[in-house]
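# Examining the three-dimensional arrangement
Read off the chains here:
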Amino acid sequence: MAWALKLPLADEVIESGLVQDFDASLSGIGQELGAGAYSMSDVLALPIFKQEESSLPPDNENKILPFQYVLCAATSPAVKLHDETLTYLNQGQSYEIRMLDNRKLGELPEINGKLVKSIFRVVFHDRRLQYTEHQQLEGWRWNRPGDRILDIDIPMSVGIIDPRANPTQLNTVEFLWDPAKRTSVFIQVHCISTEFTMRKHGGEKGVPFRVQIDTFKENENGEYTEHLHSASCQIKVFKPKGADRKQKTDREKMEKRTPHEKEKYQPSYETTILTECSPWPEITYVNNSPSPGFNSSHSSFSLGEGNGSPNHQPEPPPPVTDNLLPTTTPQEAQQWLHRNRFSTFTRLFTNFSGADLLKLTRDDVIQICGPADGIRLFNALKGRMVRPRLTIYVCQESLQLREQQQQQQKHEDGDSNVYHAIYLEELTAVELTEKIAQLFSISPRQISQIYKQGPTGIHVLISDEMIQNFQEEACFILDTMKAETNDSYHIILK
């Protein structure tokens, strides 16, 4: 029993020690938080406040970018803190972008004494427009033939070498430059932000663009494909002097705000520093159709021979379009878009059935696809075919003879002959030869000459000029004569 009575005493001693330690710890906290000993920086240095910083990639800690690009245009004062800067530009005005070498000593020694290549782009800031960028640019090309979205003012630029502008990439320019030398490039943006708004009723806000610069160094093969640095900034483009008026309006609005409200906005800087970003993806657009208003090549009409000679059987051309029915499923509608060269819009119309597509108005399609492809898609949806330049009707001589033998059997319908329609686009003798050869299921090489029966039964050789003077929907009887050459014929139009 004696040992059992000592347990409470031992517990009391332990408890007393714990109370003293706790009091000492409390007094220590009081001293640390006493007047004059409190430091906010010490508190922020605690591990709990460093968790957010530790989540950042280690590459961003104390990282110095190899290059810096500075656009010599003021930023807008009407941008809130922590938002990206916004810079207003005038359409067609030259703006300087300074290309600065920001490398530390010994960094990237492989480019010392060598040139690098920078690619400038004006692209859409809104993700919605990025998905349809190719269609938007093609529509702009259609509305502004011969113009470019982005140009370099070469006389004002300094230090650029071999500047280039690809005619098919209206929003891209590129050049070489030496980082060790002073380099300034002057750019001109010729499109305005309101040209790409969905509805144009006046007073609408323009869409923002991005100026992006991607810089590359040479690889072992001398090609500039190894990425070094990319940076971009947000801009809006106005008609001449419109950017100055917009900047003034923003400044006046900020002056009317209270000091407390002004603290929520960033100040206006005289220049715009492009911030680091991911390199622009290189996307190759495959355009199966020539650009609007431009015919890439003169295509000759190719015809199959039906059941003719196996020695000459060219493949017949694919149909221009097929009809889309209201009962078409979304999967079948996707196939229809591919067949009719609208592959770039399949993603936009993923869940559209045939009925959904057919309900779209002309304005709807143009807003979604742009003017060029929008009109083409609308015509395809409505099944509109291109009217041929000339239509003539022909039948064979044997049918005429059969009609003469049956003159006593007259019908109210008039002529009982069976005629075939021939549609001509090029209005040439070669095209007529090919169409008649297709009608007879023979090779065009088997037709030696084509004549038209003139006054007093003379035979007049068919020429391009004669075909161009044919009357629309003229009717002809075809007669054939064996030519002197084996397996060839003369065709006479009566």
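As a reminder, the structure under discussion sits directly above these lines.
Description of the structure in this document. Fair warning: this is a prediction, and the values are worked out from it, not measured in the lab.

### Description of the sheet that holds strand 11 (residues 272-273)
Here five strands make up an open sheet; going across it, the order is 5-8-3-1-11 and the pairing antiparallel. The open sheet has two edge strands, strand 5 (150-152) and strand 11, and neither has a second partner. Pairing between strand 3 (residues 95-101) and strand 8 (residues 183-189): five bridges, direction antiparallel. What sits directly across from M99, in strand 8, is T183.

### With respect to the packing of helix 5 (residues 133-143) against helix 11 (residues 371-381)
Look at helix 5 against helix 11: their axes get within 6 Å of each other, and the N-to-C directions meet at 100°. Classified by the angle their axes make, helix 5 and helix 11 are roughly perpendicular. Note on element contacts: helix 11 touches helix 5 through P371, A372 and D373, opposite Q135, G139, W142 and N143. Along the lines of polarity and charge, the residues of the contact of helix 5 with helix 11 split into three nonpolar, three polar and one charged.

### Some details on the nonpolar core
Ranked by internal contacts, the top residues of the largest apolar core, which has 40 residues, are L71, I97, M99, F120, V185 and F209. The element that contributes the greatest number of residues to this core is strand 10 (residues 224-238), accounting for five residues. Residue contacts for M99: discarding those within four places in its chain leaves Q68, Y69, S118, F120, F175, W177, T183, V185 and I213. Counting residues in each nonpolar core, the second largest holds 22 residues, with I392, L427, A437 and L478 among its members.

Reading the values: rules and limits
Residues numbered from 1 in each chain as written. Predicted model: local features only at pLDDT ≥ 70, side-chain atom pairs only at ≥ 80, totals over all residues. Heavy atoms only, no water. Pairing = 2+ DSSP bridges. Helix = DSSP H or I, 4+ residues; strand = E, 2+ residues; numbered from the N terminus. Axes fitted to C-alpha atoms, helices over the stretch in contact; angles between N-to-C directions. Parallel < 35°, antiparallel > 145°, perpendicular 65-115°, else oblique. Contact = heavy atoms within 4.5 Å. Nonpolar A, V, L, I, M, F, W, Y, C, P; charged D, E, K, R; others polar. Core = buried A, V, L, I, M, F, W, Y, C linked by side-chain atoms within 4.5 Å. Buried < 20%, exposed > 50% of the residue type's maximum accessible area, 1.4 Å probe, protein only.

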